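Next come the chains, spelled out residue by residue.
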Number of protein chains: 2
Amino acid sequence: MNIVFIGSGNVATHLAIAFKAMGADIIQVWSKDSRNAEILAALTKAEPINQWKALDQTADCYVVAVKDDAIAEVTSHLQNVRGIVVHTSGATSIAVLKGAGIGYGVLYPLQTFSKTKAVDLKKVPFCIEADHPETLEKIAAIAHLLSESVAEVSSDQRKVLHLAAVFACNFTNHLYHLSNQLLQQHKLNFDLLKPLILETAQKIQSALPEAVQTGPAVRNDQETMNKHLALLAGSPELQDIYEMLSNSIKKTYQ
Amino acid sequence: MNIVFIGSGNVATHLAIAFKAMGADIIQVWSKDSRNAEILAALTKAEPINQWKALDQTADCYVVAVKDDAIAEVTSHLQNVRGIVVHTSGATSIAVLKGAGIGYGVLYPLQTFSKTKAVDLKKVPFCIEADHPETLEKIAAIAHLLSESVAEVSSDQRKVLHLAAVFACNFTNHLYHLSNQLLQQHKLNFDLLKPLILETAQKIQSALPEAVQTGPAVRNDQETMNKHLALLAGSPELQDIYEMLSNSIKKTYQ
């Protein structure tokens, strides 16, 4: 399996290293920034390129892992390659790849990637989609190199997944940040909250979130909620967030 | 160490079983509901009681784990006991226990407990407070039976911790629920999000939340945010939550 990576950010880095570890050959890494291409190429023993004319046309698969708004432009350079072309975006339709390679599709890993933290991809759901059943089979085989969890998901469904991930990951992380801010203001250590945060995420691995909801809002304990709002008197923004999410909880369980 | 439990809910159950496992004797479990007292008493080989006149006055420690608004009433029956009295509430001042036992204080485990899921208490922070340095030493020794993580926290600080926990745990779990609802509406399986949820919580065990924030709001990707809001057209409540949290993220990182 010969793979060319288009892009050298977080997703490209995690996927390229994982493919390499599973025995695939990363033959080239393209990036518009030649320094970034060199870093990922060095990690995966690939050739770094930043000119389209240097692109090897004969790879089995071209993985497009660039910013969403750059996918279309990149695709225009992948019309004649003799492999399949996949993008890795949650929010972008398969249609943007139209005409690319000998078949095209999506390989979307539903996970949050940071450069500094390794992620075990074996458990990460890979959402795949293709222009054709034959391409789908190829993309499924590629996805199974990395993960036990591969699901066919349409572009419309993928958009919903991406949105749901914003609620479950991005917003959640921001709530961690807001709670840390509160603690800092009162000279308390964020470490105190870490076991609670982990347990909250572990709980829903085997139970539905609505079955394990706790706190003043779900038991409609208005006295405690009033005390909390009073404590937040200096932070109108946090009061608004507190009220909106508490009301949403109350509405869910009333 | 002889302990009497006042209350038989989630917190009482987890703590009583853990104390028993560490070699303490649970001599009585009081509950206003005799059936609940019997269940926890059976689990811990204790005597179930639901009459105050049956209370053993000679235990080393009385753990009050009842609803916040019932602590004061319960405390009125613990004025003359010959042990120390602690409550386990995050939101309740130590002052509610005034005059109880031969010393009184707080033993607040900062964790979310469900009846159906075991929790390893060794890593759970126990926030303690006492009326007197001697009582504090006793409560610290009791807390260390269960956990490696024991911190002295004042009533005012504990209120802030409890509030921060609402953001980091209760609201977070509700966001899990909202994302699950979105998936269900589009016939997608919540399992797809579970690795992402776990990774998000694991990430902040060793990094600050603000250092690992991802998503459209932090990179001010208005196009994606507009697409998300359009997808939520049928759910004005989710649109409001989406906008409020996205604005809060934008404000944090601008």
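Note that the structure is a prediction, hence the values are computed from the model and not measured.

A separate point is the pattern of salt bridges. Tallied over the entire structure, the rule returns 13 salt bridges over all chains. The partner of A:Glu237 in a salt bridge is B:Lys251, with the nearest N and O atoms 2.9 Å apart. On the criterion of chain membership, the pair formed by A:Glu237 in helix α8 (residues 236-253) and B:Lys251 in helix α8 (residues 236-253) is interchain, its members lying in two chains. Salt-bridge contacts for B:Lys123 lead to B:Glu148; the nearest nitrogen and oxygen are separated by 3.2 Å. Of this pair, B:Lys123 sits in the loop between β6 (104-109) and β7 (126-130) while B:Glu148 sits in the loop between α4 (133-146) and β8 (150-152), and the two are 25 residues apart along the sequence. Of the two residues, B:Lys123 and B:Glu148, neither departs from the other in class, the shared state being exposed.

All names here are of chain B. Spatial strand order, β3-β2-β1-β4-β5-β6-β7-β8: 8 strands in an open sheet with mixed pairing. A strand with exactly one partner marks an edge of an open sheet, and here the two such strands are β3 (47-49) and β8. On average, adjacent strands in this sheet sit at an angle of 25° to one another, irrespective of strand direction. Here 4 bridges tie strand β4 (residues 61-64) to strand β5 (residues 84-87), and the two strands are oriented parallel to one another. Of the residues in β5, the one forming a bridge with Val 64 is His 87. With respect to the sheet, helix α2 (residues 34-44) is in contact with β2 (25-30) and β3, its orientation differing from that of β2 by roughly 175°.

Before going further, it helps to spend a moment on the interface of chain B and chain A. Of the residues lining the interface, 81 residues belong to chain B; the matching set on chain A comes to 80 residues. Viewed at the interface, chain A and chain B are joined by 27 residue pairs in polar contact (both at pLDDT 80 or more). Residue assignment for the side of chain B that touches chain A shows that the elements contributing at least two residues are α5 (155-185), α6 (194-203), α7 (222-231) and α8 of chain B. Broken down by element, the residue count for the side of chain B that touches chain A peaks at 25 residues, all from α5(B). Broken down by class, the residue content of the side of chain B that touches chain A amounts to 44 nonpolar, 24 polar and 13 charged.

To continue, consider the relation of the copies chain B and chain A. For the pair chain B and chain A, the relating rotation is 180°, the translation along its axis is 0.0 Å, and the fit reaches an RMSD of 0.1 Å. The symmetry that links the two subunits is that of a two-fold axis. Scanning chain B for the C-alpha nearest the rotation axis identifies B:Thr172, at a separation of 2.7 Å. Of the interface residues in chain B, 99% have counterparts in chain A that sit at the interface too, so the contact is made through matching surfaces.

Quick look at the packing of aromatic side chains now. Residue and element names in this part refer to chain A. Going through the model one piece at a time under the given rule, you end up with 10 aromatic pairs over all chains. Here the aromatic rings of Phe 5 and Phe 19 are separated by 6.2 Å at their centres, their planes lie at 55°, and the arrangement is tilted. With Phe 5 in strand β1 (residues 2-6) and Phe 19 in helix α1 (residues 10-21), this residue pair connects regions lying 14 residues apart in the sequence. Phe 19 gets classed as buried once you look at its relative accessible area, which sits at 0%. Note on Trp 30 and Trp 52: the rings are 4.3 Å apart at their centroids and 20° apart in plane angle, and the pair reads as stacked. Placement of Trp 30 in strand β2 (residues 25-30) and of Trp 52 in the loop between β3 (47-49) and β4 (61-64) is noted, with a sequence separation of 22 residues between them. The class for Trp 52 is buried, based on a relative accessible area of 18%.

Basis of the calculations
Note on numbering: residues in each chain are counted from 1, in written sequence order. Just so you know, chain letters begin at A and ligand numbers begin at 1, following the order they were written in. Where totals are concerned, whole chains, interfaces and linings use all residues; where local detail is concerned, this predicted model gives features only for residues with pLDDT of at least 70, and gives and counts side-chain atom pairs only at 80 or more. Hydrogens and waters are ignored; side-chain quantities use all the structure's heavy atoms. Within this document, salt bridges are pairs made up of a side-chain nitrogen of Lys or Arg and a carboxyl oxygen of Asp or Glu, the two lying within 4 Å of each other. Secondary structure is summarised from DSSP: a helix means a run of H or I of at least four residues, a strand means a run of E of at least two, and numbering begins at the N terminus for each. Only protein chains enter the area calculation, which uses a 1.4 Å probe; residues under 20% of their type maximum are buried, those over 50% are exposed, and those in between are partly exposed. When DSSP finds at least two bridges between two strands, those strands are taken to pair. All axes are obtained by fitting lines to C-alpha atoms, using only the stretch in contact for helices, and the reported angles, taken between N-to-C directions, cover 0 to 180 degrees. Contact criterion: two residues are considered in contact whenever any of their non-hydrogen atoms come within 4.5 Å of each other. Any N or O atom pair separated by 3.5 Å or less is treated as a polar contact, with the protein-specific requirement of one donor-capable and one acceptor-capable atom, and with residues adjacent in sequence counted only for side-chain atom pairs. Polar here means any residue other than Ala, Val, Leu, Ile, Met, Phe, Trp, Tyr, Cys and Pro, which are nonpolar, and Asp, Glu, Lys and Arg, which are charged; Gly is therefore polar. In superposing the copies, a least-squares fit is computed on C-alpha atoms, taking residues whose pLDDT is at least 70 in both. Ring pairs shown here join Phe, Tyr and Trp side chains whose ring centres sit within 6.5 Å, with only the six-membered ring taken for Trp; geometry is labelled stacked below 30 degrees between planes, edge-to-face above 60, and tilted in between.

What is shown is where atoms sit, not what they do.
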